[in-house]
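Coordinate inspection notes
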Amino acid sequence: MRIYKVGGAVRDRLLGKPVTDIDWVVVGATTEEMLAKGFRPVGADFPVFLHPKSGEEYALARTERKSGRGYGGFTFHASPEVTLEEDLIRRDLTINAMAEDDQQNLTDPYHGQRDLEARLLRHVSPAFAEDPLRVLRVARFAARYAALDFSVAAETLELMRQLSESGELEALTPERSWKEISRALMEDQPQVFVEVLRACGALKVLMPEVDALFGVPQPPAHHPEIDTGTHTLSVLQQAALHKQPLTVRWACLLHDLGKGLTPEDEWPRHIAHEFKGLKLIKAVNERFKVPRDCQELALLVGEYHTHGHRALELKPSTLLELLQSFDVYRRPQRFEEFIAACEMDARGRKGLEQRSYPQADYLRGAATAARSVAVQPLLEKGFKGPELGEAIKRERLKALKAYKETASI
Ligand code: ATP
Ligand code: MG
């Protein structure tokens, strides 16, 4: 049997990037031989094994043929006769379809190295169209390598457009889609992921609610960039620049969805867009079975981001309602993430990227003030049940009134 490094490890070494996980392909072996050498099988469908010591993935060289809709509709053929070239041709991009032996000899039948030099993301063969997930993968790689000036080859973008129009994207499982979306959002330039999806028509299929924001104007006084789609991408970019976690990035992407519902005769104003957007945020959350913490933050940021911006003008009672909505007493971290998303929203505007955001510290101070109300003295006074709840609320309100007064001096 012959063993080669493949995929990301080869690509990233040639790019001079750090290699984290290594994928291997094994040519000329059978499952029985792998098991005899101590490899542990993983997955029922794929002939993939884990190395007994390193735990790295070793896959038998295989060919694939599409036999139906979706990813389940694939048949695999792995046998000792399958060649390295046959295995490489089923891969998505030429830069991912190179292999290397233990002497660092490169096998590159589809000119991945040429495309690396030309900074092009190009599909290997027309079989690219057999797995619609590749549309998301290409967009993700475009985001990852944007800083190196990579772009999607014109013929690949055309194929992605055909795939998006064919209805195949709808066959993707939420789990596979979310894995790509979440990884793409954690790249340094996540906005490029959205731009590429939009350029090939996939955004309209996957997240029509986000696609609808492009072409919707906002008031130039607050939004010099005017376009809501442009604004959304800038907010996402700010979130990445400030190294925000996935929850915040997801909330940034969805915070203004309600603006896509505003009747044109109300443009450029968007009255109550925060509330109107909630059902759209919920729909996107459910479509991709998004993890609970991301779902929750997106809904809260959608509903309350304008409160964040107006923090210094809010009445103490409104401030208290805001803190209660976030359950800031038990979930302080979530409120921090809300503040971060608001700040990214404020900075994701043309020419305002460096502005200060005093609302952030003001909100933190308000949370601290409300949290400082001690329950014990109220218990000692004999408050119980709903009355205790009311008494705590009154004390918190008092604390917020005092906080607002001192903060405004
Ligand atoms: P990363 O650095 O993100 O891990 P990678 O290129 O190693 O990048 P993997 O998802 O680990 O990506 O996949 C390993 C290799 O398997 C890819 O380089 C590609 O050749 C191939 N591959 C993975 N998923 C697909 C797919 N859906 N369609 C075609 N080829 C794929
Ligand atoms: Mg990999």
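A few points on the structure. Note that the coordinates shown come from a computational prediction; the quantities given were computed from them, not determined experimentally. (Residues numbered from 1 in each chain as written. Chains lettered and ligands numbered in written order. Predicted model: local features only at pLDDT ≥ 70, side-chain atom pairs only at ≥ 80, totals over all residues. Heavy atoms only, no water.)

In contact at an axis separation of 9 Å, helix α16 (residues 316-325) and helix α20 (residues 385-407) are set at 120° when each is read in the N-to-C sense. It follows from the interaxial angle that α16 and α20 lie oblique. Two packed elements cross with a definite hand, and for α16 against α20 that hand is right-handed. Residue-level contacts link Pro316, Ser317, Leu319, Leu320, Leu323 and Gln324 of α16 to Lys393, Arg396, Leu397, Leu400, Lys401 and Lys404 of α20. Partitioning the contact of α16 with α20 into residue classes produces six nonpolar, two polar and four charged. (Axes fitted to C-alpha atoms, helices over the stretch in contact; angles between N-to-C directions. Helix = DSSP H or I, 4+ residues; strand = E, 2+ residues; numbered from the N terminus. Parallel < 35°, antiparallel > 145°, perpendicular 65-115°, else oblique. Left-handed = near helix turned anticlockwise from the far one by under 90°. Contact = heavy atoms within 4.5 Å. Nonpolar A, V, L, I, M, F, W, Y, C, P; charged D, E, K, R; others polar.)

Now for the nonpolar core. The biggest cluster of nonpolar side chains holds 92 residues, and the ones touching the most others in it are Met207, Trp250, Phe335 and Phe338. Apart from the residues lying within four places of it in its own chain, the contact partners of Met207 are Ile181, Trp250, Leu253, Val284, Arg287 and Phe288. The next biggest cluster of nonpolar side chains, apart from the first, holds twelve residues, and it includes Val27, Ala61, Ala97 and Tyr110. (Core = buried A, V, L, I, M, F, W, Y, C linked by side-chain atoms within 4.5 Å. Buried < 20%, exposed > 50% of the residue type's maximum accessible area, 1.4 Å probe, protein only.)

This part covers the site of ligand 1. Neighbouring residues of ligand 1: 16 residues in total, closest Arg11, Asn96, Arg134, Arg144 and Arg183. At 3.0 Å from an oxygen atom of ligand 1 is found a side-chain nitrogen or oxygen belonging to Arg137. At 3.4 Å from an oxygen atom of ligand 1 is found a side-chain nitrogen or oxygen belonging to Arg140. Broken down by secondary-structure element, the contributors of at least two residues to the shell around ligand 1 are α1 (8-14) and α5 (133-144). (Near = heavy atom within 4 Å. Polar contact = N/O pair within 3.5 Å; in protein donor to acceptor, adjacent residues only side chain to side chain.)

The element strand β2 (residues 23-27) is extensively covered by neighbouring structure, given that four of its five residues are classed as buried. Here strand β1 (residues 2-6) pairs with β2 via five bridges, running antiparallel. Of the residues in β2, the one forming a bridge with Val6 is Asp23. Across four bridges, β2 lies against strand β5 (residues 57-60) in parallel orientation. (Pairing = 2+ DSSP bridges.)

This paragraph deals with the sheet that holds β1. Taken in spatial order, the seven strands line up as β3-β4-β5-β2-β1-β8-β9 in an open sheet, and their pairing is mixed. Bordering the open sheet on either side are β3 (40-42) and β9 (106-107), each of which pairs with just one other strand.

Turning to the packing of helix α14 (residues 278-287) against helix α15 (residues 292-309), a few remarks are in order. Where α14 contacts α15, the two axes come as close as 9 Å, and the packing angle between them is 165°. Our classification of the angle between α14 and α15 gives roughly antiparallel. Where α14 crosses over α15, the handedness of that crossing is right-handed. On α15, the residues touching Leu278, Ile281, Lys282 and Asn285 of α14 are Gln295, Ala298, Leu299, Gly302 and Glu303. When the residues that make up the contact of α14 with α15 are grouped by side-chain class, the tally is four nonpolar, three polar and two charged.

What follows is about the packing of aromatic side chains. Going through the model one piece at a time under the given rule, you end up with ten aromatic pairs. Pairing Phe326 with Phe338 gives two aromatic rings, centres 4.4 Å apart and planes at 45°, and the pair type is tilted. Residue Phe326 is found in the loop between α16 and α17 (332-347), and its partner Phe338 is found in helix α17; the two are separated by twelve residues along the sequence. Residue Phe326 is classed as buried on the basis of its relative accessible area, which comes to 0%. Of the residues examined, Phe338 reaches a relative accessible area of 0% and is grouped as buried. The rings of Tyr304, Phe326, Phe335 and Phe338 are connected pair by pair, giving a single aromatic cluster. A cation sits over an aromatic face here: Arg140 above Phe141, 4.9 Å from the ring centre. Cation over ring: Arg396 sits above Tyr329, and NZ or CZ is 3.4 Å from the ring centre. (Phe/Tyr/Trp six-rings, centres within 6.5 Å; stacked < 30°, edge-to-face > 60°. Lys NZ or Arg CZ within 6 Å of the ring centre and 35° of its normal.)

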